[in-house]
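Geometric and topological summary
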Amino acid sequence: MDVHGTVAEGFEPVRDAFAGNFAALGDRGAAVAVYRDGRKVVDLWGGARDVDATDGAAGPPGTEPWRRGTAQVVRSATKGVAAAVPLLLHQRGELDLDAPVGEYWPEFKAHGKERVLVRHVLNHRAGLPVLDRPLSPEDALDPLRGPRAVAAQAPVWEPGTDHGYHALTYGWMLDELVRRVTGGRGAGEWIADEIARPLDLDLWVGLPAAEEAAGRAGRVGRLPEAEPTGGGPRLRPKRAVTEAYGDPASLTRRAFAAITPFPDQNEPAYRAAALPATNGVATADGLARFYAALIGDVDGVTRRVRLFDRATMERARAEESAGPDRVLVVGTRFGLGYMLHGSASPFLSPGSFGHPGRGGALGFADPEAGVAFGYVTNGFRKTVTADPRAQALVRAVRESLRRTGSDVDRV
């Protein structure tokens, strides 16, 4: 497999790990980018831009090569990008994180939800991970019907008392909340105007028609669960996790089935919609550069840009939820909109914050190390929070920091 791109001196372990993902872990097309102190030190890509050559089913690999600028659907890594919107609105004094959601969105108060706070939407404590009546793909892509369905839903636990991953409903709640605060501008539009454009990011929540026509997004698909070669371990989920995903009545199954059946992620209509929980389209560089701007200054289009001030950054990564997750059935840690470093979602260090995408993608920042990381792939695995390919790259970043003189045991 030919690996293209560059690495700064000392970051060669990342290139080796990236090549190893193709040789030992079955990657078909992927890219990784790393920033350190606002400067790009890793920019690599390889493989085919499409996971297949024909109809989206996992089959023979595609033949067109992945190029610089190839973007992919990053699934729930979108959540970390979307979380920046309410936090920046709070930073600007336009949104109170401790206010009831119903204060901004009166229809949301139904069925006891007047106690759901804005922060509960971000820390997965709202008690609304499921819909009693799942949405069809057509309804899910409508910007009005998803929020209406959540507004009509009763909580499945007392809001604020416990946490569980809001896999799909997170996006509808966040998007409608942003619309109410901004006077009609959804999260996707806000990201385009206030984040992506100033930073010149190849990152969208709602892929524009011009980018779709230009073929910016490759095709994604499911990879077969083959045993890794080269002596790597095969990670098997715990029995409780397997049973939860197999039980149609479990919160786990119901949370991921809030859209039934799930839309074809390769359809232009899906990529054009703005679903802040699931359908972001990004390059690895776009994802890493976004996180770099959360923790420091990054060269923008007309000026140096930093998105979060220090207080907002600390607010984003302060632990809000921890322990057994009622949906994912493992121990998870969340700040405000971001997963935090832990056994279920290992990042670089305990101070890291970010978000994985189910099946592979990962973006995060580590303020103490000054590191921002982005990995995107067209081949999805069964993993939800800790894909072995992304983890191999994170370990390589840690080794690279040691080589370049960082005391990584302190970060």
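Placed above this text is the structure.
The rules behind the values
Residues numbered from 1 in each chain as written. Predicted model: local features only at pLDDT ≥ 70, side-chain atom pairs only at ≥ 80, totals over all residues. Heavy atoms only, no water. Buried < 20%, exposed > 50% of the residue type's maximum accessible area, 1.4 Å probe, protein only. Helix = DSSP H or I, 4+ residues; strand = E, 2+ residues; numbered from the N terminus. Pairing = 2+ DSSP bridges. Expected span 1.5 Å × (residues − 1). Contact = heavy atoms within 4.5 Å. Polar contact = N/O pair within 3.5 Å; in protein donor to acceptor, adjacent residues only side chain to side chain. Phe/Tyr/Trp six-rings, centres within 6.5 Å; stacked < 30°, edge-to-face > 60°. Lys NZ or Arg CZ within 6 Å of the ring centre and 35° of its normal. 1 Å grid on protein atoms, 1.4 Å probe; cavity = no way out; pocket = protein on both sides within 12 Å on 5 of 7 lines; lining within 4 Å. Points joined across faces, edges and corners; volume = space filled by probe spheres on them. Nonpolar A, V, L, I, M, F, W, Y, C, P; charged D, E, K, R; others polar. Axes fitted to C-alpha atoms, helices over the stretch in contact; angles between N-to-C directions. Parallel < 35°, antiparallel > 145°, perpendicular 65-115°, else oblique. Left-handed = near helix turned anticlockwise from the far one by under 90°. Salt bridge = Lys/Arg side-chain N within 4 Å of Asp/Glu carboxyl O.

**Focus on the pairing of strand β11 (residues 331-334)**
The alternating pattern of β11 places Thr-332 and Phe-334 on a buried face, while none of Gly-331 and Arg-333, on the opposite face, is buried. Bridge count for strand β10 (residues 321-324) against β11 is four bridges, and the pairing is antiparallel. Following the sheet pairing, Ala-322 is matched in β11 by Arg-333. A loop of six residues connects β10 with β11, the two strands running antiparallel in sequence, and Val-329 in this loop sits at a positive phi of about 60°.

**Things to note about helix α15 (residues 388-403)**
A turn of α-helix holds 3.6 residues, and therefore any two residues three or four places apart point the same way. Its 16 residues place the ends of α15 23 Å apart at the C-alpha level, agreeing with the 22 Å of an ideal helix rising 1.5 Å per residue. All of the buried residues along α15 are Arg-389, Ala-390, Gln-391, Ala-392, Leu-393, Val-394, Ala-396, Val-397, Ser-400 and Leu-401. As for α15, its buried residues are in contact with α1 (12-24), β2 (29-36), β14 (362-366), β15 (371-377) and β16 (379-380). Of the residues trailing α15, Gly-405 is marked for its positive phi of about 95°.

**Re the environment of Arg-68**
You can see Arg-68 is positioned in the loop between β3 (39-47) and β4 (72-73). The spatial distance from the C-alpha of Arg-68 to the C-alpha of Gly-146 is 35 Å, given a sequence separation of 78 residues. In contact with Arg-68, not counting residues within four places along its chain, are Asp-43 and Trp-45. There is a polar contact of 2.7 Å between the side chain of Arg-68 and the side chain of Asp-43.

**Let's talk about the packing of aromatic side chains**
Summed over the entire model, instances satisfying the criterion amount to 12 aromatic pairs. Each ring, one from Tyr-291 and one from Tyr-338, has its centre 6.3 Å from the other, and the planes form 70°; the classification is edge-to-face. Of the two residues, Tyr-291 is situated in helix α13 (residues 284-295) and Tyr-338 in the loop between β11 and β12 (339-340); the sequence distance between them amounts to 47 residues. Through pairs of rings, three or more aromatic residues link up here, namely Tyr-165, Tyr-245, Phe-256 and Phe-334. Stacked on the ring of Phe-108, the Lys or Arg Lys-113 has its end atom at 5.2 Å from the ring centre. Above the face of the Phe-256 ring, Arg-358 is positioned so that its terminal group lies 4.3 Å from the ring centre.

**Concerning empty space enclosed by the protein**
One pass over the full model with this rule turns up two cavities of 30 Å³ or more. Quantified by volume, the largest cavity comes out at close to 60 Å³. As for the largest cavity, its lining consists of 13 residues, of which Pro-356, Gly-360, Thr-385, Ala-386 and Asp-387 are closest to the centre. Here the residues of the lining of the largest cavity sort into six nonpolar, six polar and one charged. What the second largest cavity holds in volume is close to 50 Å³. If you go around the second largest cavity, the residues you meet are Leu-168, Gly-171, Trp-172, Ile-259, Leu-275, Pro-276, Ala-277 and Thr-278. When its residues are assigned to classes, the lining of the second largest cavity shows six nonpolar, two polar and no charged.

**Digging into the sheet that holds strand β7 (residues 281-282)**
Overall, antiparallel pairing links the three strands, which are arranged β4-β7-β5 in an open sheet. Bordering the open sheet on either side are β4 and β5 (203-204), each of which pairs with just one other strand. Bridge count for β4 against β7 is two bridges, and the pairing is antiparallel. Within the sheet, the bridge partner assigned to Val-73 lies in β7 and is Val-281.

**Re the packing of helix α2 (residues 77-91) against helix α7 (residues 169-182)**
Where α2 contacts α7, the two axes come as close as 11 Å, and the packing angle between them is 30°. One element, α2, and the other, α7, form an angle in the roughly parallel class. Between α2 and α7 lies a crossing whose hand is left-handed. Between α2, through Lys-79, Ala-82, Ala-83, Val-85, Pro-86 and Leu-89, and α7, the contact on the second element is made entirely by Tyr-170, Leu-174, Val-178, Val-181 and Thr-182. Residue classes in the contact of α2 with α7 are distributed as nine nonpolar, one polar and one charged.

**Quick look at the pattern of salt bridges**
Counted under the stated rule, the structure contains 34 salt bridges. Across the pair Arg-115 and Glu-158 runs a salt bridge whose closest N-O atoms are separated by 2.7 Å. Remark: Glu-158 occurs in the loop between α6 (145-151) and α7 and Arg-115 occurs in the loop between α3 (101-104) and α4 (118-123); sequence separation between them is 43 residues. Look at Arg-115 and you get partly exposed, because its relative accessible area is 41%. When the shortest N-O distance is used, the salt bridge between Asp-193 and Arg-197 registers 2.8 Å. On the criterion of helical spacing, the pair formed by Asp-193 and Arg-197 is a turn pair, its members being four residues apart in helix α8 (residues 187-199). By relative accessible area, Asp-193 is classed as partly exposed at 32%. On the basis of relative accessibility, which here comes to 52%, the residue Arg-197 falls in the exposed class. Three or more residues are tied together by salt bridges with common partners; here these are Arg-92, Arg-185, Asp-193, Glu-194 and Arg-197.

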